[in-house]
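Residue strings, one per chain:
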Amino acid sequence: MITSSIFLGAIGPGSWVLIALAVLLLFGGKKIPELMRGLGSGIKEFKDASKDETSEKKEEQ
């Protein structure tokens, strides 16, 4: 956890702008919302699956 915070602290605002521009150039403006929508649905499915798993463990006990 500490290494990730050190890494994120090493990236300045200028670097974030360059990363954002690179992503925009690679995927294009129309593709980015579609990618974010897919990422959001994947996160939602993961959360739902983890909730189901914890509820199954509680029922077994």
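Residues numbered from 1 in each chain as written. Predicted model: local features only at pLDDT ≥ 70, side-chain atom pairs only at ≥ 80, totals over all residues. Heavy atoms only, no water.

In this section: the overall build of the protein. Scanning the protein for helices and strands turns up three helices and zero strands. Tracing the protein from N to C terminus, the helices and strands come up as α-α-α. In the protein, which comprises 61 residues, the share counted as buried stands at 2%. Working note: accessible area of the protein is about 5,700 Å², and carbon and sulfur atoms make up 67% of it. (Helix = DSSP H or I, 4+ residues; strand = E, 2+ residues; numbered from the N terminus. Buried < 20%, exposed > 50% of the residue type's maximum accessible area, 1.4 Å probe, protein only. Areas by Shrake-Rupley, 256 points an atom, 1.4 Å probe, with all protein chains shown as cover.)

Caution applies to low-pLDDT parts of the model: their predicted coordinates are not meant to be read in detail. With 75% of its residues at a pLDDT of 70 or more, the protein shows a mean pLDDT of 81. Helix α1 (residues 2-10) is the least confidently modelled element of the protein, averaging 61 in pLDDT, while helix α2 (residues 13-27) averages 88, the highest of any element. (pLDDT = per-residue confidence, 0-100.)

Take a nonpolar patch on the surface next. A cluster of nonpolar side chains, namely Trp16, Ile19, Val23, Leu26, Phe27, Leu35, Met36, Leu39 and Ile43, defines an oily patch on the protein surface of about 860 Å² accessible area. At the level of secondary structure, the elements contributing two or more residues to the nonpolar patch comprise α2 and α3 (31-60). The element best represented in the nonpolar patch is α2, accounting for five residues. Mapped onto the elements, leucine 39 comes out in helix α3. (Patch = residues over 30% accessible without salt bridge, like charges linked within 9 Å, V, L, I, M, F, W, Y side chains within 5 Å. Salt bridge = Lys/Arg side-chain N within 4 Å of Asp/Glu carboxyl O.)

Residues Glu45, Asp48, Asp52 and Glu53 make up a contiguous surface patch of negative charge. For glutamate 53, the location among the structural elements is in helix α3. The class of glutamate 53 is partly exposed, set by a relative accessible area of 41%. (Lys, Arg positive; Asp, Glu negative; His and termini not counted. Charge placed at Lys NZ, Arg CZ, Asp CG, Glu CD.)

In a regular helix each residue adds 1.5 Å, so 15 residues correspond to 21 Å; α2 covers 21 Å between its end C-alpha atoms and thus fits that length. In the segment just after α2, glycine 28 is the residue with positive phi, at about 85°. (Expected span 1.5 Å × (residues − 1).)

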